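Working through the structure, step by step
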Amino acid sequence: MDPSDVSNPRYYHKVVDCQWGCPAHTNVPEYIRLIAQGRYTDSYMLNRVSNVFPGILGRTCDRPCEPACRRGRVDGKPVAICRLKRVAADLRDDIKDRLPAIPEKKNGKRVAVIGAGPASLTVANDLMPLGYQCVMYEKLPRAGGLMRYNIPAFRLPAAVLDEEVNNILDMGVDIRFNTPVQSLKALLDEGYDAVFVGSGAPKGKELDIPGRWDTDQVHIGIEWLGSVHFGHIEKIEPRVLIIGVGNTAMDCCRTSKRLGGTDVKVIARRSRPYFKASPWELEDAEEEGIEIVENHAPKRFVVENGTLVGMEFEQLEWTEVDGRQKSKVIGTTIIPCDTVILAIGQDNAFPWIERDIGLAFDPKWDMPIVDKATFQSTRPGVFFGGDAAWGPENIIWAVEHGHQAAISIHNHCQGIDVAQRPADGMNLVSAKMGMQAWSYHNDYNPSPRAQMQHEELVKRFSNVSVEVELGFTPEQTAREVQRCLNCDIETHFTSKLCIECDACVDVCPVNCLTITHDGTTEAELRGRLSAPALNPEQALYTSAALPQTGRLMVKDEDVCLHCGLCAERCPTAAWDMQKFELIRAHAGGGVA
């Protein structure tokens with residue numbers, strides 16, 4: 001076996017599961033430690049470098065970091081990473097003097113940015129400090145995109161959204177509200193050096209079944225939420241059906257409860273394990289008295305004399321055949337209702353992009369062909385990101401798209417190949433302080449995951465803008481930050497110092513260390529460790545040959561707790577605990 005290459009930043013990066021799982025690769029353990037020290041502003045600014053919207057994402061992120069969290073493998077409950085981000089955002093000081101400086105003298109390059117959602121705002125955030133002039137075209141009267149018009153205020157207060165969006169716009173972005181782009185060709189003719197398309201996926205999917213067009217009480221979810229936001233809709237009939245079970249459906253059903261819906265049901269084609277909505281969104285909906293009906297497929301709208309009175313559904317039974325789920329109809333039922341909201345997905349819409357300007361579209365999906373590394377379309381200088389690139393995703397993905405597109409836009413404008421991506425770097429610094437002390441808290445804290453406080457039901461239903469989640473108390477925060485296992489404090493091994501005394505193997509609480517002879521394959525080696533390494537997605541560390549016997553030190557990165565006991569016990573300091581910092585380049589060579 002070749003020794004593991006720990007000089008490659010990707011090795012230790014992948015060991016920091018939460019940071020690896022985050023699309024924007026936010027330095028999660030470090031910002032949690034800063035919260036533990038009461039350094040909320042520093043924590044917020046560390047967040048902002050990578051995810052741009054800590055206050056927004058601290059409330060609305062889909063949390064891809066949390067399923068990856070190593071703590072979940074210990075007691076089944078990951079650290080509340082997302083909500084700790086909110087703690088830093090809520091308790092920070094003013095940050096105006098810590099935002100990037102914007103040069104008065106511009107670099108002479110103009111970039112058109114279409115849409116004012118999270119991807120577009122991130123592009124502007126990264127390019128404005130480099131001297132670019134960013135002209136942002138937004139068809140609606142305010143910036144934020146889906147964050148503003150499709151996420152209800154009871155989840156994301158307007159004040160939080162406004163502040164973080166304005167931090168970017170106030171950099172000097174030339175934003176033109178109420179100005180939809182009608183023609184990409186005409187925009188290109190204005191002589192922009194690059195164009196970024198961040199127009200989202202603004203078209204809700206239809207359900208064209210019998211009765212659909214016989215009533216005006218069937219609404220498209222994302223359009224309906226936008227109408228509520230603008231105050232065009234202020235009430236709803238008592239009996240409401242939401243078709244679909246994604247996060248948009250959860251926003252629709254919970255909003256319905258606040259507008260007068262007393263009998264609100266969410267209808268799903270499949271059972272709960274296959275729902276697209278985040279588990280916590282489902283829990284919050286059910287807490288508010290919303291019923292989720294499983295295994296029902298829409299068949300027709302029941303309309304009598306122009307009035308919607310119900311929907312007929314096929315009742316489904318699902319079985320697995322050759323590894324695939326198949327359904328059969330076992331009956332039908334009619335569920336009474338007064339209003340139906342369709343939340344079955346979103347589509348992109350590009351009627352304003354001409355098909356004769358050198359920008360190719362996929363004929364199957366009618367989507368622009370976009371390079372997944374550079375975010376450039378087939379027309380040089382035109383880039384896509386966020387939902388406009390490959391369809392609906394979450395906000396944190398849109399932010400990462402914006403970072404990567406900004407790198408490409410900068411390269412393009414400076415005459416550098418857009419495929420030339422800046423390499424990641426890293427810092428490794430010993431955490432040792434004296435013989436048996438570390439610069440981090442390495443004791444295992446058995447506290448259970450903190451439960452978010454919620455506003456009482458009566459108050460939250462009194463106004464659509466009353467925020468439901470109230471944040472962690474100081475006591476909850478203090479306990480939750482200690483649940484982090486500090487996965488970025490790495491067990492760093494120096495082969496030539498090892499005397500093969502087995503002290504580290506003996507003291508390891510999870511049996512992740514083994515000194516053994518070399519193996520023919522990794523799979524063979526995994527099977528004969530102190531505890532078999534069963535997760536091939538996680539690295540198996542293998543050292544160079546040890547000086548005494550030529551055997552190897554092998555470590556299963558999957559189950560290591562980063563507790564530091566191996567380094568404390570080691571008599572020769574072959575093991576050390578070293579703090580890993582990933583250094584990611586942004587547009588213009590700036591690092592994160």
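From a predicted model like this one, the values you see are computed outputs, not experimental measurements.

Quick notes on the overall build of the protein
Along the backbone of the protein there are 22 helices and 25 strands. With respect to the three principal axes, the spread of C-alpha positions in the protein is 90 × 65 × 50 Å. Taking all 592 residues of the protein together, the buried fraction comes to 55%. For the protein, the share of sequence-separated contacts (at least 6 apart) that also reach a separation of at least 24 residues comes to 70%. Within the structure as shown, the protein displays about 25400 Å² of accessible surface, and the carbon and sulfur contribution to it stands at 50%. Charge separation in the protein, taken as the distance between the mean sites of 64 positive and 80 negative side-chain charges, equals 1 Å.

Examining the environment of Leu99
Its location among the elements puts Leu99 in the loop between α8 (81-91) and β1 (110-114). Counting along the chain gives 50 residues from Leu99 to Val49, while the straight-line C-alpha distance between them is 9.7 Å. With near-sequence residues (within four places) excluded, Leu99 lies in contact with Met45, Arg48 and Asn167.

Considering the sheet that holds strand β12 (residues 324-336)
Across the sheet, which stays open at both edges, the 3 strands sit in the order β10-β11-β12 with antiparallel pairing between neighbours. What marks the edges here is a single partner per strand, and that holds for β10 (296-304) and β12. When strand polarity is set aside, the average angle formed by the axes of neighbouring strands in this sheet is 20°. Where strand β11 (residues 307-321) meets β12, 12 bridges bridge the pair, whose relative direction is antiparallel. Paired with Glu317 across the strands is Lys328, a residue of β12.

Considering the state of the cysteines
Under the definition given, this model contains 0 disulfides. The structure places no disulfide on Cys18, whose sulfur is separated from the nearest cysteine sulfur, that of Cys487, by 6.1 Å. Residue class for Cys18 comes out buried when judged on its relative accessible area of 8%.

Brief notes about the domain arrangement of the protein
Assigned domains of the protein: these are domain 1 (1-19 + 423-592), domain 2 (101-202 + 348-413) and domain 3 (204-345). One C-alpha centre belongs to domain 1, the other to domain 2, and the line joining them spans 37 Å. Of the roughly 850 Å² buried at the junction of domain 1 and domain 2 (both faces included), carbon and sulfur atoms supply 58%. Per-residue buried area on domain 1 facing domain 2 is highest for Glu467, His586 and Ala587; these three make up 50% of the total on that side. Here domain 1 is connected to domain 2 by 1 salt bridge. In this assembly, domain 1 and domain 2 are joined by 3 residue pairs in polar contact (both at pLDDT 80 or more).

Observations concerning the nonpolar core
Counting 51 residues, the largest nonpolar core has Ile32, Ile81, Leu84, Phe493, Leu513 and Trp575 as the members making the most contacts within it. At the level of secondary structure, the elements contributing two or more residues to this core comprise α1 (9-15), α3 (28-36), α8, β21 (489-493), α20 (503-507), β22 (513-516), α22 (565-569) and β25 (575-583). With near-sequence residues (within four places) excluded, Ile81 lies in contact with Cys18, Val28, Tyr31, Ile32, Cys65, Glu66 and Cys69.

Rules used in this analysis
Residues numbered from 1 in each chain as written. Predicted model: local features only at pLDDT ≥ 70, side-chain atom pairs only at ≥ 80, totals over all residues. Heavy atoms only, no water. Helix = DSSP H or I, 4+ residues; strand = E, 2+ residues; numbered from the N terminus. Buried < 20%, exposed > 50% of the residue type's maximum accessible area, 1.4 Å probe, protein only. Contact = heavy atoms within 4.5 Å. Areas by Shrake-Rupley, 256 points an atom, 1.4 Å probe, with all protein chains shown as cover. Lys, Arg positive; Asp, Glu negative; His and termini not counted. Charge placed at Lys NZ, Arg CZ, Asp CG, Glu CD. Pairing = 2+ DSSP bridges. Axes fitted to C-alpha atoms, helices over the stretch in contact; angles between N-to-C directions. Disulfide = S-S within 2.5 Å. Domains from an automatic or database assignment. Buried area = accessible area lost by both parts, 1.4 Å probe. Salt bridge = Lys/Arg side-chain N within 4 Å of Asp/Glu carboxyl O. Polar contact = N/O pair within 3.5 Å; in protein donor to acceptor, adjacent residues only side chain to side chain. Core = buried A, V, L, I, M, F, W, Y, C linked by side-chain atoms within 4.5 Å.

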